[in-house]
Structure formats: structure tokens, C-alpha cells
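Here's the letter readout for the chains.
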Amino acid sequence: AVFPNEGPQKYYDFKLVHDKINELTSKVCGAKRIVDDPIVLKVFSQHCPDLTLIDLPGITRIANDKFDVEKATKDMSMRYASDPRTIILALTPANVDISTSDGIDLALKADPYQERTIGVLSKIDIMDQGTDASKILKNQSDVKLSLGFVGIKGRSQEDINNNMTV
């Protein structure tokens, strides 16, 4: 892996890549700021296709008199999602009402024919007792996507603290 904006150093250990991303995030964003300045990382391998992955901040609503964070995050996301070459992974937590998801709403505005949008349902492991994500994952809920949904379970804080790999 290489961070082209940071010089020629090559990284072969993805723990070091992770650490470098955290370092650059702190350097670029500071304390909880959102900036429209990407951290560029190139990963080279014979075993994967050429892709550009862009990890955008979620739609954020915080009170800040000097900066409209919600507008900034929506504008940034829409700019990238509107590119017709972009595959949109519309992330929404499973423990909230999917019909009110900002991510799904933004994706449907950028991709009204749903040719490029895949729903990603996170936090399946922390859904309330008795709730069920199967209808969403089977694309049988009120919110349907042409390419459907996938479910993911992230690492818990304990897993992260114990350096469990993804």
C-alpha cells in the first residue's frame, strides 16, 4: 500500500496502514472536524481488481454555529454518489427504521433507477430482542432496492481493544 500524497514509503503490513490512516485523519481533520480533503491510499495486488474506494462520513447533525455539518456531509456524499461510474453502498444501521435512513434517501436521489445502489445493513448484532432483519435482507420490506441488501456485523469495542482482525 502507498499513500501517494505522503511520499514513496510502501506498507506491507495492514496494521501499519491502519495506524497511518488514523494519523492522517487526526492531522487532516483535527478534533471532530469534517473536511472535504480525501486521504488517498493505493493498494496494489495481483489478486484484486482496480477499484477506487471512497469512505465518506455519515450524514451528521451537530450544533455548530460556524459550520453546517449536515449540509457539508450531504453535499460531499451527493457529489461522489452522483458520478454514474460510482457503485453506492448505502449504509444504514439495522437498529433504526430503514424508511427514515439518510443514506438510503441520498442514494435514491443520486441513483433514482437503482442501477448502482446496494443497501448495507449494519449493526444486525445489536438489534432489539424480537426484531428481525430478514425481510430487509430478502428485499421484502417497504424499502426495496433493485440490487438488494447485504448484512454486516462489525467488531465490538471489545474485539477492537483485543486487536481482533476483520
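Refer to the structure printed above.
To start, this report covers the structure provided alongside it. (Residues numbered from 1 in each chain as written. Predicted model: local features only at pLDDT ≥ 70, side-chain atom pairs only at ≥ 80, totals over all residues. Heavy atoms only, no water.)

## A closer look at the packing of aromatic side chains
In this structure the tally under the stated criterion is one aromatic pair. When the ring of Phe-3 is compared with that of Tyr-11, the centres are 5.5 Å apart and the planes differ by 90 degrees; the resulting orientation is edge-to-face. Among the residues examined, Tyr-11 registers a relative accessible area of 10% and is labelled buried. (Phe/Tyr/Trp six-rings, centres within 6.5 Å; stacked < 30°, edge-to-face > 60°. Buried < 20%, exposed > 50% of the residue type's maximum accessible area, 1.4 Å probe, protein only.)

## Quick notes on the sheet that holds strand S2 (residues 117-122)
Spatially, the three strands line up as an open sheet ordered S1-S2-S3, and their pairing is parallel. Lying at the two open borders of the sheet, with one neighbouring strand each, are strand S1 (88-93) and strand S3 (149-151). Between one strand axis and the next, the sheet turns through 25 degrees on average, direction left out of account. Direction of pairing for S2 relative to S3: parallel, over a ladder of three bridges. Considered in S3, the bridge of Gly-119 is made with Phe-149. (Pairing = 2+ DSSP bridges. Helix = DSSP H or I, 4+ residues; strand = E, 2+ residues; numbered from the N terminus. Axes fitted to C-alpha atoms, helices over the stretch in contact; angles between N-to-C directions.)

## A look at helix H1 (residues 14-29)
Helix length check: H1, at 16 residues, gives a terminal C-alpha distance of 22 Å against a target of 22 Å (1.5 Å per residue), a fit within 8%. Listed in full, the buried residues belonging to H1 are Val-17, Lys-20, Leu-24 and Cys-29. Angular distribution of buried residues about the axis of H1 spans 135 degrees; they occupy a single face of the element. Its side-chain oxygen placed 2.8 Å from the backbone nitrogen of Lys-15, Asp-13 serves as the N-cap of H1. (Expected span 1.5 Å × (residues − 1). Arc of directions from axis to C-beta. Polar contact = N/O pair within 3.5 Å; in protein donor to acceptor, adjacent residues only side chain to side chain.)

## Notes on helix H2 (residues 69-81)
Here H2 contains 13 residues, and its C-alpha end-to-end distance of 18 Å stays within 8% of the 18 Å for a straight helix at 1.5 Å per residue. Those residues of H2 lying buried are Val-69, Ala-72, Thr-73, Met-76, Ser-77 and Ala-81. When H2 is viewed along its axis, its buried side chains cluster within an angular range of 150 degrees and face the same direction. Packed against the buried residues of H2 are S1 and helix H3 (102-110). (Contact = heavy atoms within 4.5 Å.)

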